[in-house]
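Inside the fold
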Number of protein chains: 2
Amino acid sequence: MATIEDVAKAAGVSKGTVSNVFSKKRPASKEVTKRVIEIANQLNYKPNYWARTLAIKETRIIGLKMPGENSKFSQFHLALLNGVLHVCYENGYRLLVNTLSPEFQNQIQNVSSDPVDGEIYLDPEQNDGRLDHRTQSDPPAVVIGRPPRGLESSLCYVDNDNEATAEQVTSYLLELGHRNILFLNTSKARTVSEDRKRGYDKAFINKELEVQQELSLFKQIDISSLLYGYQSIKEMDSKRVPFSAVITDSDKVALGVYRAAIDLGLSIPNDISVVAFSDESIVAPEFAPPLSSVYLNAEELGREAARILLERIQDNRVPVTHHIIQSKLVIRESCRRWQPHD
Amino acid sequence: MATIEDVAKAAGVSKGTVSNVFSKKRPASKEVTKRVIEIANQLNYKPNYWARTLAIKETRIIGLKMPGENSKFSQFHLALLNGVLHVCYENGYRLLVNTLSPEFQNQIQNVSSDPVDGEIYLDPEQNDGRLDHRTQSDPPAVVIGRPPRGLESSLCYVDNDNEATAEQVTSYLLELGHRNILFLNTSKARTVSEDRKRGYDKAFINKELEVQQELSLFKQIDISSLLYGYQSIKEMDSKRVPFSAVITDSDKVALGVYRAAIDLGLSIPNDISVVAFSDESIVAPEFAPPLSSVYLNAEELGREAARILLERIQDNRVPVTHHIIQSKLVIRESCRRWQPHD
DNA sequence: AACATCAATTAAACCGGTTTAATGTTATAG
DNA sequence: CTATAACATTAAACCGGTTTAATTGATGTT
């Protein structure tokens, strides 16, 4: 690969001039510009990205940090990613997906600063190593979701109002007459599970009803969403724990619930009502019956996070902001007024 | 941010020694190692990624290049991405998603080498600017999908056998007695559309039937998949073009077909049989009726592409390889034997 | 003619690491 | 007790850009 030196020599000018022709940061005469560009083309010269980065201390790359383990992108992440990418596209930024295993990163040979101008953190957890170890000198960051207690005030984040949404969903079911509402929450480690649980509890308390803790489940990390939904229902059934409605963490979990219902000869919504969080796919309407679910606006979460991040990158003195993205409960046909059987 | 120089001074050793402690490329004594690491921690020192990259000419980043315009990741891309990420994770690589607008990249200030060790190209097109302009000095590349004619022999790629699969799908419908089979193909620009069309034609020719070209449609770039499916059916219906089966490019297009069928009071599969390519979501079974579709194994496509790329990065003299990933037609309930109505 | 102004250019320093070649130090063999 | 190998360390060069400060030469002013 040709270097700036090669081009400078061939064009009979100094490195600085070639640099100016390419960066346009200072003027160069018409003739020189023309000659340099011609020769650069001949030599197939392109400025070296990393050399430039080293000199100007800007990568024009933003990072996306997944939580620790080898996690997969979900439907929700996909929408979110598309939002982030959209903003990147508009602003000439690239996106670096950071999936390095803890083992890899802990080896001293692999320790290094992150090669980005700023980072978006996904799926914050209660004790989030990624966030705890952040220091002043790290690049700007924006979290999607609520950061763990204690870090809320010092970190920018973008989130839904998960507590209010959970309360709304639960109230909806309570008003339909349901009293035994199974809550298939996401993993306890994630901060969002706590918020949703609080909203769920609140809905009961508002109606002066008692919360049945044994109906609040948390997903284990090692189980798939589909199985989580399926097995939970099967288990509740075999333990003869009564419930007439289910709130699930995602449409995938709801799918598991649907399948379990079929297996158990239960009808949705006649025997069980179902509502899901996090429906970003276009398929909820295709469920039989169409699934009522909460649209979280993941794409907007991604867009907004990226926008805020770029702002901070340009000027890191802008105040820490917290941005709430509107979510929306979409009622379809998976819920029904509860009336005791026979 | 502290530099290697700061650490070296504070520890009373040379830059080279600090470098050796961190890179482990050459030995350092126990005491020196200990002292250097201690001081590095105190100063919160981490080796600068860009400086290191410039020196060793290795980024440990692989790139993912989307086609030109601001395109979104689909369900298919998601599965593929997860495959790529998995391999990255295992091998300590980061993934850079490159979505820069052509306008951005064409400005001289933004011209530069790509900041990656190798690249994966998605959705190759017949006249693909990204691929045409590649030169010997560009980093190693792997294409997912068939490269345009002329570049096939010089580029590594991973693909399904789209021709054979399309032939299989079409034959399946022909054997069910269908003769007017609408083919809602993907955009004509993409190489895959050509391959599938060839397979479709072949199935007819094998049976010594004539291909009705007016039943072969190609998606326009500016229309959503859902609308493409919906409008195509509506249009065929209003033009009174007879057809009894539809092959769609993806489950999203199929969804549009389902919705049009409802609008037109047509029953699937009684009036229209439907088969989709590219079903990577878990929802095809949730369609009413469950959608027969071709599982393309996108995750494996991604994994294999990443694997081949890493191989080439380690040794770019390995021969150019073409890898075919198995796809599979999954029969569900959206197709039926064709018998003329009353 | 002398001086100030301005644009284009350059040599050299710099960004923060790695690597080479040389040096000093200690252990091992003859 | 050397000669030699093996090891740890360092100074200096290098990677390929950008930037600073100085220089040149052309233009304009009085």
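Everything numeric here is computed off the predicted structure, so don't read it as measured data.

1. Side note on the relation of the copies chain B and chain A
- Superposition record for chain B on chain A: RMSD 0.1 Å, screw rotation 180 degrees, translation along axis 0.0 Å. With respect to symmetry, the two chain copies, as superposed, fit the operation of a two-fold axis. Using C-alpha coordinates, one finds that chain B approaches the rotation axis most closely at L96 of chain B, a distance of 2.2 Å.
- When the interface residues of chain B are mapped onto chain A, 100% of them again lie at the interface, so the same face is used by both copies.

2. As for the nonpolar core
- Core analysis: the biggest nonpolar cluster contains 145 residues, and L95 and I120 of chain A together with L95 and I120 of chain B have the highest contact counts within it.
- Those residues in contact with I120 of chain B that sit more than four places away from it in its chain are I62, G63, L64, K65, V84, V142, I144, A305, A306 and L309 of chain B.

3. Here's the deal with the protein's contact with DNA strand D
- Around DNA strand D sit 28 residues in total, of which I4 and S19 of chain A together with T17, V32 and K57 of chain B are the nearest.
- The contact atoms of DNA strand D, taken as those within 4 Å of the protein, divide so that sugar and phosphate hold 71%.
- Within the side chain of K15 of chain A, one N or O atom sits 3.0 Å away from a base oxygen of DNA strand D.
- Taking S14 of chain B, its main chain carries an N or O atom lying 3.0 Å from a phosphate oxygen of DNA strand D.
- Counting only elements with at least two residues in the surface near DNA strand D, the list comes to α2 (15–23) and α4 (49–56) of chain A together with α4 (49–56) of chain B.
- Residue contributions to the surface near DNA strand D peak at five residues, all from α4 of chain A.
- Considering only residue class, the surface near DNA strand D consists of 13 nonpolar, eight polar and seven charged.

4. Brief notes about helix α8 (residues 162–175) of chain B
- Helix length check: α8 of chain B (14 residues) gives 20 Å between terminal C-alpha atoms against 20 Å at 1.5 Å per residue, within 8%.
- Trailing α8 of chain B by a residue or two, G177 of chain B shows a phi angle of about 100 degrees, which is positive.

5. Let's talk about the domain arrangement of chain A
Residues and elements named next belong to chain A.
- Domain annotation of chain A identifies domain 1 (4–56), domain 2 (61–160 + 298–326) and domain 3 (162–295).
- When each unit is reduced to the centre of its C-alpha atoms, the spacing between domain 2 and domain 3 is 29 Å.
- If you look at the interface, domain 2 gives 14 residues, while domain 3 gives eleven residues.
- Interface area, domain 2 with domain 3, both sides summed: about 1,100 Å², of which 39% is carbon and sulfur.
- Ranking the residues of domain 2 by area buried against domain 3 places Q75, Q126 and R146 at the top, with a combined share of 39%.

What counts and what doesn't
Residues numbered from 1 in each chain as written. Chains lettered and ligands numbered in written order. Predicted model: local features only at pLDDT ≥ 70, side-chain atom pairs only at ≥ 80, totals over all residues. Heavy atoms only, no water. Least-squares fit on C-alpha atoms with pLDDT ≥ 70 in both. Contact = heavy atoms within 4.5 Å. Core = buried A, V, L, I, M, F, W, Y, C linked by side-chain atoms within 4.5 Å. Buried < 20%, exposed > 50% of the residue type's maximum accessible area, 1.4 Å probe, protein only. Near = heavy atom within 4 Å. Polar contact = N/O pair within 3.5 Å; in protein donor to acceptor, adjacent residues only side chain to side chain. Helix = DSSP H or I, 4+ residues; strand = E, 2+ residues; numbered from the N terminus. Nonpolar A, V, L, I, M, F, W, Y, C, P; charged D, E, K, R; others polar. Expected span 1.5 Å × (residues − 1). Domains from an automatic or database assignment. Buried area = accessible area lost by both parts, 1.4 Å probe.

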